[in-house]
Amino acid sequence: MKEIITGSEALMRSLQQEGVTTIFGYPGGAIMPVYDALFDYTRGEKKAFEHILVRHEQAAAHAAEGYARVSGEVGVCLVTSGPGATNTLTGVADAMMDSTPIVVIAGQVGVAALGTDAFQEVDLVGVSQPISKWSYQIRHAKDVAWAVSRAFFIAKSGRPGPVVLDFLKNAQTGTTEWEPQHVNFIRSYVPYPKLDELCVRQAAELINQAKKPLALVGQGVELGNAHNELLEFLEKADIPAGRTMLGLSALPSDHPLNVGMLGMHGNYAPNLKEQECDVLIAIGMRFSDRVTGRTDTYAKQAKVVHLDIDKSEINKNVKADVAVVGDCKVSLPAITRLLKKADHREWRESFKPLEQKERETVVEPAIHPIEGPLLMGEVVNAVAEATKGEAVLVTDVGQNQLFSCRYFKYKKKRSVVSSGGLGTMGYGLPAAIGATFGAPERTICCFMGDGGLQMCIEELGTIMEQRSPVKMIMLNNNYLGNVRQWQDMFWNKRKSFTYMLNPQFRYIAQAYGIGYRALIDRSELQAAVQEMLNTPGAFLLECAIKEDDDVLPITPPGMSVDEMMLEI
């Protein structure tokens, strides 16, 4: 005879079966039966999970994202119905844009109350379907094991993404016979397309014929764990490679074929060379508008080879001459086997004058200024040098994000956690908390602006309670800096509501028992960074930054990538 258990107990067992060890959440009325079951699974002989009590449900979703991004596992968050569920939707949309595997489990009113505008009732499936990979309402206890297994399979397979489970209260309290489920097939869902051998041969032929090939490396390499396959491909064909922001750690910063970051605030050489190369090989990237600039003038001289696991990305923004649809861990070696050993030294050398021009005009003044207030670039560079490429970079959104992505260094995979597609301010702090649980052996450095920190400042409470060792570097310029820069450049310097009157952050850090140091004088920069890194646990390093410090280079919106500006 099979064991009879509640739907809430079935959820616990199903999560355990999926290998879940960490849950980020916030309890409430409609999810209380689940939290009651969770009580036994966080202590004693049954202990299976560590539950991280966040201070806001949006932070639960972002923390789950940070956990997933550094660990390669599915992040899990648990919230109540109504506002609890809707608060997670920014994180769901963020995860969808950045292909991050998370599962959000939200309480819901009982089946008899559906559609009655009951207390804290929201049509969660209806509002989450457009921004999730799958959204499902669990109405009966007997469906829990199947729904959870299916949710994890969908979230982590193929192109990863967020899944939302709307868990009715009667399904939580109702009973069912316990029978574990293992979903590994869904009709009409093909997460790993079969490689088209003809396309593989055509891609290899184009690359073999290329005189000026350029690879564009995206986060798909990280998601597919194809780092070694990428190196073998690039090195055999001797192809210089630019990286998207989320693909930065797919290739070590010091690799000789790495030519920098792509995009609006990326590096000068790869952006200009996109307009000169004869074969453009896009690997696990989606040709975001922040990478391409004007698509009608983008790389028109080049044959485009696009490798992606998601067929919907092919020809969406940039037309491909050859499309290889499949997992890059499979497609890259398939192409590599057909490549001739190449030597593109002359082509690679042509990048160096552009790199030197950017270094002299932008980089050196940003990281080694002689006088004046502190600059963001020099702070990022100091932290990067002190951590020797071993740390995980977590960013908020804005100038702090762009400077830190430009000047941080990466030796290890899964070292960049940032909100790319959605650009979510407030993302950094909770994502960094999640990262400390996903990669507890690594140093987590979180760069934030004064605006972004205050978006989710309540999560300092989570850091306090969990003793999360987040190293927070706040680049404080008393402005919403990125918007201020655009107002200066494109809106006649009309700084409309971008100045911020900030609190005394030292007292906030003190209230939460978090280490703190204010940095004003660059002569103290190295010592301040070392103090932060050497202090056990969390630390807030507040840096007084030049108010009109601008991110350069920049490709202004509506312009071509080769119109990138080194100076304003």
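Located above this text is the structure these notes cover.
So, a few notes on the structure that sits alongside this text. (Residues numbered from 1 in each chain as written. Predicted model: local features only at pLDDT ≥ 70, side-chain atom pairs only at ≥ 80, totals over all residues. Heavy atoms only, no water.)

1. Some details on the sheet that holds strand 5 (residues 102-108)
Strand order across the open sheet formed by 6 strands is 3-2-4-5-7-6, with parallel pairing between neighbours. The open sheet has two edge strands, strand 3 (50-53) and strand 6 (134-138), and neither has a second partner. The mean angle between the axes of side-by-side strands here comes to 20 degrees, regardless of whether they run parallel or antiparallel. Summarising the sheet, strand 5 and strand 7 (residues 163-168) pair through 6 bridges and their orientation is parallel. Each bridged residue has a counterpart across the sheet, and for V103 the counterpart in strand 7 is V163. Contacting strand 2 (22-25), strand 4 (75-79) and strand 5, helix 3 (residues 57-71) runs over the sheet at an angle of about 165 degrees to strand 4. Lying over the sheet, helix 7 (residues 144-156) contacts strand 4, strand 5, strand 6 and strand 7, oriented at roughly 170 degrees with respect to strand 6. (Pairing = 2+ DSSP bridges. Helix = DSSP H or I, 4+ residues; strand = E, 2+ residues; numbered from the N terminus. Axes fitted to C-alpha atoms, helices over the stretch in contact; angles between N-to-C directions. Contact = heavy atoms within 4.5 Å.)

2. What to know about helix 22 (residues 481-490)
Those residues of helix 22 not exposed but buried are G481, R484, Q485, Q487 and D488. Buried positions in helix 22, seen along its axis, are confined to an arc of 160 degrees and lie on one side of it. Tucked into the core, helix 22 has its buried residues touching helix 18 (399-407). Once helix 22 ends, the next one or two residues include N492, with phi positive near 55 degrees. (Buried < 20%, exposed > 50% of the residue type's maximum accessible area, 1.4 Å probe, protein only. Arc of directions from axis to C-beta.)

3. Observations regarding the packing of aromatic side chains
Counted under the stated rule, the structure contains 14 aromatic pairs. Here the aromatic rings of W134 and W146 are separated by 6.2 Å at their centres, their planes lie at 90 degrees, and the arrangement is edge-to-face. Highlighted residues: W134 in strand 6 and W146 in helix 7, separated in sequence by 12 residues. Of the residues examined, W134 reaches a relative accessible area of 15% and is grouped as buried. For the ring pair W486 and F490, a centre distance of 5.4 Å and an interplane angle of 85 degrees mean the geometry is edge-to-face. Placement of the pair is W486 and F490 together in helix 22, with a separation of 4 residues, close to one helical turn. You can call F490 partly exposed: its relative accessible area is 32%. In this structure an aromatic cluster arises from ring pairing among F24, Y67 and F437. For R43, the ring lying beneath its charged end belongs to F39, and the centroid distance is 3.9 Å. (Phe/Tyr/Trp six-rings, centres within 6.5 Å; stacked < 30°, edge-to-face > 60°. Lys NZ or Arg CZ within 6 Å of the ring centre and 35° of its normal.)

4. Section: the packing of helix 1 (residues 7-17) against helix 7
Contact pair helix 1 / helix 7: the axes reach a minimum separation of 9 Å and the direction vectors enclose 35 degrees. Crossing geometry of helix 1 relative to helix 7 is assigned as right-handed. Of the residues in helix 7, those touching helix 1 at G7, A10, L11, S14 and L15 are V144, A145, V148 and F152. (Left-handed = near helix turned anticlockwise from the far one by under 90°.)

5. Section: empty space enclosed by the protein
Applying the stated rule across the entire model yields 2 cavities of 30 Å³ or more. Of the voids in this model, the largest cavity is the one considered here, and its volume is about 50 Å³. Every residue along the wall of the largest cavity is listed here: R69, Q219, E222, L223, L246, R414 and V416. Counted by class, the lining of the largest cavity contains 3 nonpolar, 1 polar and 3 charged residues. Reported here for the second largest cavity is a volume of approximately 30 Å³. Taken together, S14, Q17, E18, A145, V148, S149, W178, P180 and Q181 make up the full set of residues lining the second largest cavity. In terms of residue count, the dominant contributor to the lining of the second largest cavity is helix 7 (3 residues). A per-class count over the lining of the second largest cavity returns 4 nonpolar, 4 polar and 1 charged. (1 Å grid on protein atoms, 1.4 Å probe; cavity = no way out; pocket = protein on both sides within 12 Å on 5 of 7 lines; lining within 4 Å. Points joined across faces, edges and corners; volume = space filled by probe spheres on them. Nonpolar A, V, L, I, M, F, W, Y, C, P; charged D, E, K, R; others polar.)

6. Let's talk about the side chain of E229
In this fold, E229 is placed in helix 11 (residues 227-237). According to the relative accessible area criterion, E229 is buried, its value standing at 15%. A distance of 3.0 Å separates polar atoms of two side chains, one belonging to E229 and the other to K329. The residues touching E229, leaving out its near neighbours within four places in the chain, are K329, L332 and P333. (Polar contact = N/O pair within 3.5 Å; in protein donor to acceptor, adjacent residues only side chain to side chain.)

7. Notes on the layout of surface pockets
Volume-wise, the second largest pocket comes out at about 620 Å³. What lines the second largest pocket is a set of 25 residues, and nearest its centre among them are V259, G260, N267, E355 and R359. Looking at the lining of the second largest pocket residue by residue, the classes come out as 10 nonpolar, 7 polar and 8 charged.

8. Focus: the environment of Q530
Topologically, Q530 is positioned in helix 24 (residues 525-534). According to the relative accessible area criterion, Q530 is partly exposed, its value standing at 35%. Between the alpha carbons of Q530 and A518 there is a distance of 13 Å; along the sequence they are 12 residues apart.

9. Some points on the sheet that holds strand 15 (residues 392-395)
In space, the 6 strands of this open sheet follow the order 16-15-17-18-20-19, with parallel pairing throughout. Of all strands in the sheet, those with a lone pairing partner are strand 16 (416-417) and strand 19 (515-519), marking the two edges. Judged from the 2 bridges that link them, strand 15 and strand 16 form a sheet pairing that is parallel. Looking across to strand 16, one finds that L393 is bridged to V416. Across the sheet, helix 18 touches strand 15, strand 17 (444-449) and strand 18 (470-476), and the angle it forms with strand 15 is around 160 degrees.

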